[in-house]
Amino acid sequence: MHPLVADMLNFERSSLSRKLTIISVLTTGSALLLVFLAFAIASVLTHSGEERKRLVSLADVIGANSVAPLLYADRATAAQALAALEVMEDIELATLYDRNGKPFAAYPSAAQPEALDAADMAHIAQGAREERSGPPWAPRLRVYRAVRVQPHVVGVVMIEAGQGRMWLGVLKNLAATGVATAISFVLALVLSARFRKSIAQPIAQLIAASEKVSTTQTYAQVQHARHDELGTLIDSFNAMLCQIENRDGKLAQYRDQLERQVAVRTEQLEKAKDAAEAASHAKSAFLATMSHEIRTPMNGVLGMTELLLATELDERQQHYTTMVKRSGEHLLVIINDILDFSKVEAGKMTVEYINFNLRELLDDIDYVFSPQASAKGIALDFEIAHEIPVAVCGDPNRLRQVVVNLLGNAVKFTDKGRITVKVQVTDEDAQSARLRFEVHDTGIGVARDARARIFDSFSQGDGSTTRKHGGTGLGLAISKQLVELMGGTIGVENALTRGSVFWFTVQFDKRRVDGEVAPGLRVLLADPDPASRDALADVLRRWRLRCDGASRPDEALRLLHAAAAAGEPYDAALLDMSQSSGSGLTLAADIKSSPAIADVRLLLLSSHRDAADAVQRREAGVAFQLIKPAREPDLYECIVSRMRASEGVRSASSSSQRAPRDRRRLKVLLAEDNAVNVDVASAMLEGLGLDVACAGYGEEAVSAVRESDFDLVLMDCMMPQMDGFAATAEIRRHEQLQGHARQLPIVAITANALEGDRERCLAAGMDDYLSKPFSQQALSTALGRWVALPRAAVAHHDDPPQRVRRPANTAAAAAAPVPPRERRAPSAVASMQAANGDALATLEAPVAINHQALNAIRALSADKGEQLVQRVVHAFIDDTPTQLHALRQAIDTTDTNVMRRAAHSLKSSSANVGADALSKLCKELEQLGRTESTEGAARLLLEAEHEFQAVRRSLSAILVKGV
């Protein structure tokens, strides 16, 4: 395509010179084209008219000369008159018709023209008739004229002439005109190009000057000698450049002044910020320290008060001592609020994500607050929607803290009426569920002006010193922080009639707990009471379990045998203690005596705690005993969650039962390269009744998984050659290629506990996350989410608390044992003893070895604990110099990756043996490796080497003394 044509198609993007050219071409060409077309049309019309007139004139002349021959029928004379047309070369045919339309004479004489009918003759008599014929390259014109002898038509003359010569003349004229038009067009273009330069050149100079200003900030004037509008435009442009140059100079001065002012203000703000942060940290540290300091004597006060109440006191002493205890408990609540607030302000308040039973948590809260509400004569109801998921993933402790705070306020501010806790689903999909918690009360309510500030720190609805109810004003502020940390919102509304409604929403994850629901399990309900049987059936069907009912023992036995014979045996049977004939224990013994149905799990339901003792239940083959009415969390735990676990104990007086004979020991692969960590983790796993296989690096772990069947993998993230992330990816790829229906559970174990480390492990394909150093209980909890541990411990909500052995140097050791709980309400003395332990831990002086870590290792094995400690300590002393040498080489060669891996490994092994200071130094070295920096690493390594010498001396002393 020609450039000019392209510019015409894209006129807006063309240059000014091109636009002027296009305008000249369009205007001149259009005008000349119109003139040429007008001339051509006029020429054709003129020649055609003249040709017609000529033929009509010839026809009239011949007609005048043919009147006599027509009247006297003289054909020879008529033929001679037509023969006179021979001198005209364009005449091709001529005919003379008589009055009847028949040919009378013709030219040339050999022609045989057709006759005319009466209609043609009538039409010709009215005037001249014309006809055009022939192809486009040889057109012909035929003219008919009547021969008249007034007033009669005596004949018709027809003349047909070719128009080729006429059109040839027209074309010659048009060619001459076209040549003149083209010459005019070229001349117009030449003249326009001559004048276009004088217009486009100044504009191009303006464009170049503006580009120079924008790129180089050089304000050069555009020189010219014009006096027209373009000259005026250039002068205006030059004046604008002068103004911009002056303005830029002033702006530069202002910028320099502003930068100096900003620097001064920034320095002032930084100083103010540092002072504010120091004051905030000092305040938080002061609050935390003082709360711990106060809790230490408070433990003694409350503990001794608890012991004093257990002695013989008169009525007045009992009253005084009770008042002291209540005041101390109230003071402890205030101290706990202050401690939580200090954590919030310091940014140390965090949430965790673990699987927990939501209904059991709410049931626990109900057990705690029901006595308090009953003491004030208030009704406490829990309305939990049926579609609430049983098992969710979130932070149960923070959720419990928020609900307890709101419910505690409701009890405190309500004197009569009722309190209702409502839980409902507001949004749910396959992965998550958003729940809304509401606490309705009929108390004093919240004033409209107080709603805006009620969630602020140290703020209350009634801030006067004469208010009826006390408190710090921190509970709701902490609740708001916790709810927001869990990704929810909190608010308050007035009830429709009286009181208030506190509500909050929280998002819970369901992706990793769906497997705990086991649809398809069959359960038999042996209960003579139809209402009780139907209520239990509704609960079980909500969990997608198949259940059948039996009102008599013989019917229950018949259903059990029929199901076993059909190949679909029952998985569990709920036996009521009261049967129509005999007892639930008798029915249980009959079931266990029959080999065909002996494998069914038996649960005994009784209204009385002492309906059957441990010996009776064990002999009858009862796995669990539940007190009626059975709580849904307990039923869920015994039927659904424990179907893959070993036979355990869950009764008022615990009973045990042997595991099935065909149960194999679970096999766990431990992928860990640190010798100390291998010894510790192996002992923990063996203590849980698991078989352990070890792999020293990622490739070995992948090969082990391919060659052997494992129930679970503990995968260290930082290993040489192939780390845990790459090994996990390879295992997952192998599973996809093999088409495994079940994915092997992989639990990450790493010394990294920073924000985002858990998400990184889960994104890599691992199923769970466990931070080093971990306790055996934490390991058991993590593994229990994926496999059924042979030694998993369970306890009924009415079981007495287990005795916890405490160090002899704690103040709580002097107190009497904690009395058994009648319900699951947490004991105030137990909670204060735990707080006392925390306070004393903060006051201890730093030592080279934390003996609690060694005690934890020693506790992993009852008979070989000391040997395990010896083995772990020896491994640590032998392996640490190699790790320190590797760190030294990595620092000398500035290899931050090797430095990070070595520090990571030494960090976890140090923490396992209680070398906390050494572990902290390794953590700082690892952080330097993460930032790819070795600045300060040599100093940290030197401190680590000195610290290791102190640790080695302490460990050597422990080995010698056998402590």
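Predicted model, so just to flag it, every value in this text is computed and none were measured. (Residues numbered from 1 in each chain as written. Predicted model: local features only at pLDDT ≥ 70, side-chain atom pairs only at ≥ 80, totals over all residues. Heavy atoms only, no water.)

Visitor: What is the right way to look at the overall build of the protein in this model?
Guide: From N to C terminus, the protein includes 27 helices and 22 strands. Counting only residues that meet the buried cut, the protein has 42% of its 963 residues in that class. (Helix = DSSP H or I, 4+ residues; strand = E, 2+ residues; numbered from the N terminus. Buried < 20%, exposed > 50% of the residue type's maximum accessible area, 1.4 Å probe, protein only.)

Visitor: Explain the pattern of salt bridges here, please?
Guide: Pairing between side chains of opposite charge can happen when their charged atoms approach one another. Per the stated rule, a full pass over the model turns up 24 salt bridges. Between Glu 51 and Arg 54 there is a salt bridge, with the nearest N and O atoms lying 2.7 Å from each other. Separated by three residues within a single helix, Glu 51 and Arg 54 lie in helix H2 (residues 16-65), roughly one turn from each other. The class for Glu 51 is buried, based on a relative accessible area of 11%. Residue Arg 54 is classed as partly exposed on the basis of its relative accessible area of 28%. The network of salt bridges with common partners includes Glu 92, Arg 140, Arg 142 and Glu 160. (Salt bridge = Lys/Arg side-chain N within 4 Å of Asp/Glu carboxyl O.)

Visitor: I keep staring at unusual backbone geometry and nothing clicks. Help me out?
Guide: Looking along the chain, the bond that leaves Tyr 107 and enters Pro 108 is cis, with omega of -5°. If you trace the backbone, Pro 108 turns up in the loop between strand S2 (103-107) and helix H5 (118-125). Despite not being glycine, Ala 73 has its phi angle at roughly 60°, a positive value. By the element assignment, Ala 73 lies in the loop between helix H3 (67-72) and helix H4 (75-83). Judged by relative accessible area, Ala 73 falls into the exposed class, the value being 53%. Phi is positive for Glu 932, close to 55°, though the residue is something other than glycine. Structurally, Glu 932 is set in the loop between helix H26 (916-930) and helix H27 (937-961). Its relative accessible area of 64% is what places Glu 932 among the exposed residues.

Visitor: Is there a simple way to think about the sheet that holds strand S20 (residues 712-716) in this case?
Guide: Adjacent strands of a sheet form backbone hydrogen bonds with each other and so pair up, either parallel or antiparallel. An order of S19-S18-S20-S21-S22 is seen for the five strands of this open sheet, with the pairing classed as parallel. Since the sheet does not close on itself, it has two edges, and those belong to strand S19 (691-695) and strand S22 (768-771), each with one partner. Pairs of neighbouring strands in the sheet enclose a mean axial angle of 20°, with direction left out of account. Relative to S19, strand S18 (residues 667-671) is paired through five bridges, and the arrangement is parallel. Of the residues in S19, the one forming a bridge with Ala 671 is Ala 695. Docked against the sheet, helix H19 (residues 724-738) engages S20 and strand S21 (746-750), running at close to 150° with respect to S20. (Pairing = 2+ DSSP bridges. Axes fitted to C-alpha atoms, helices over the stretch in contact; angles between N-to-C directions. Contact = heavy atoms within 4.5 Å.)

Visitor: Where do I start with the nonpolar core in this structure?
Guide: One recurring pattern in soluble globular proteins is that nonpolar side chains are buried together. Counting residues in each nonpolar core, the largest one holds 56 residues, and the members touching the most others are Leu 714, Leu 779, Leu 783, Leu 854, Phe 876, Leu 887 and Leu 955. Once residues lying within four places of it in the same chain are set aside, the contact partners of Phe 876 are Val 676, Leu 906, Ser 909, Ser 910, Val 913, Leu 918, Phe 948, Val 951 and Leu 955. Of all hydrophobic cores here, the second largest spans 41 residues; its members include Ile 365, Ala 410, Leu 435 and Ile 490. (Core = buried A, V, L, I, M, F, W, Y, C linked by side-chain atoms within 4.5 Å.)

Visitor: I tried to follow the packing of helix H17 (residues 675-687) against helix H25 (residues 896-912) on my own but got confused; where do I start?
Guide: The axes of two packed helices give the description: the angle between them and the distance between them. Contact pair H17 / H25: the axes reach a minimum separation of 8 Å and the direction vectors enclose 45°. Regarding the angle of H17 to H25, the classification is oblique. Handedness of the H17/H25 crossing: left-handed. Where H17 abuts H25, its residues Val 676, Asn 677 and Val 680 lie against Ser 905, Ser 908, Ser 909 and Asn 912. For the contact of H17 with H25, the residue count by class is two nonpolar, five polar and no charged. (Parallel < 35°, antiparallel > 145°, perpendicular 65-115°, else oblique. Left-handed = near helix turned anticlockwise from the far one by under 90°. Nonpolar A, V, L, I, M, F, W, Y, C, P; charged D, E, K, R; others polar.)

Visitor: I'm lost on the pairing of S2 in this one. Help?
Guide: Along any regular strand the residues' side chains alternate between the sheet's two faces. Extensive coverage of S2 is indicated by the burial of four of its five residues. Sheet topology note: the strand S1 (residues 91-98)/S2 ladder contains four bridges and is antiparallel. Bridging across to S2, Thr 95 finds its partner in Ala 106. Linkage of S1 to S2, two consecutive antiparallel strands, is achieved through a turn of four residues, within which Gly 101 is found at a positive phi near 85°.

Visitor: I would appreciate a short explanation of the packing of helix H18 (residues 698-707) against H19 in the present structure.
Guide: At a closest axis distance of 9 Å, the pairing of H18 and H19 adopts a crossing angle of 25°. The angle between H18 and H19 falls in the class roughly parallel. The interaxial crossing formed by H18 with H19 has right-handed handedness. Contact with H18, carried on its side by Gly 698, Val 702, Val 705 and Arg 706, involves Ala 727, Glu 730, Ile 731, Arg 733 and His 734 of H19 and no other residues of that element. Along the lines of polarity and charge, the residues of the contact of H18 with H19 split into four nonpolar, two polar and three charged.

Visitor: Explain the side chain of Thr 896 here, please?
Guide: Within the secondary structure, Thr 896 sits in helix H25. Aside from chain neighbours lying at most four places away, what touches Thr 896 is Gly 929, Glu 932, Ser 933 and Thr 934.

Visitor: Where do I start with the sheet that holds strand S3 (residues 129-133) in this structure?
Guide: Strands sit in the order S2-S1-S5-S4-S3 across an open sheet of five strands; the sheet is antiparallel. Among the strands making up the open sheet, the edge pair consists of S2 and S3. Looking at each pair of strands side by side, their axes are set apart by 15° on average, direction ignored. On the sheet, H4 packs against S1 and S2 and is oriented at approximately 35° with respect to S2. Contacting S1, S3, strand S4 (140-149) and strand S5 (152-162), H5 crosses the sheet at an angle of about 80° to S4.

Visitor: How do you make sense of the packing of aromatic side chains when you look at a structure like this?
Guide: For any pair of aromatic rings, the description consists of the separation of the ring centres together with the inter-plane angle of the planes. Considering all chains together, one arrives at two aromatic pairs under this definition. Aromatic pair Phe 437 and Phe 504: ring centres 4.8 Å apart, planes at 5°, arrangement stacked. With Phe 437 in strand S10 (residues 432-440) and Phe 504 in strand S12 (residues 500-509), this residue pair connects regions lying 67 residues apart in the sequence. Judged by relative accessible area, which is 2%, Phe 437 ranks as buried. Accessibility expressed as a relative area gives 1% for Phe 504, which makes it buried. (Phe/Tyr/Trp six-rings, centres within 6.5 Å; stacked < 30°, edge-to-face > 60°.)

Visitor: Help me understand the side chain of Ser 43 in this model?
Guide: In this structure, Ser 43 sits in helix H2. In this structure, Ser 43 is in contact with Val 170 and Asn 173, ignoring residues within four places of it in sequence.

Visitor: For this particular structure, what's the right way to read the confidence of the model for the protein?
Guide: Do not read the fine detail of predicted coordinates wherever pLDDT is low. Averaged over every residue, the pLDDT of the protein is 76; residues scoring 70 or more account for 77%. Scored below 50 in pLDDT, residues 511-516 makes 17 contacts in the model with residues more than four places away or belonging to other chains. Per-residue pLDDT stays below 50 along residues 791-846; that stretch engages in 79 contacts with residues further than four places along the chain or on separate chains. (pLDDT = per-residue confidence, 0-100.)

Visitor: Looking at this model, I keep getting lost on a nonpolar patch on the surface. Mind explaining?
Guide: Among the surface-exposed residues, Leu 33, Leu 34 and Leu 37 lie close enough to one another that they form a single nonpolar patch of about 300 Å² accessible area. Looking at the element boundaries, Leu 34 is found in helix H2. A relative accessible area of 59% places Leu 34 in the exposed class. (Patch = residues over 30% accessible without salt bridge, like charges linked within 9 Å, V, L, I, M, F, W, Y side chains within 5 Å. Areas by Shrake-Rupley, 256 points an atom, 1.4 Å probe, with all protein chains shown as cover.)

Visitor: Help me out: how do you make sense of the environment of Pro 69 in this one?
Guide: Following the sequence through the fold, Pro 69 ends up in helix H3. Separated by 36 residues in the primary sequence, Pro 69 and Ala 105 place their C-alpha atoms 10.0 Å from one another.

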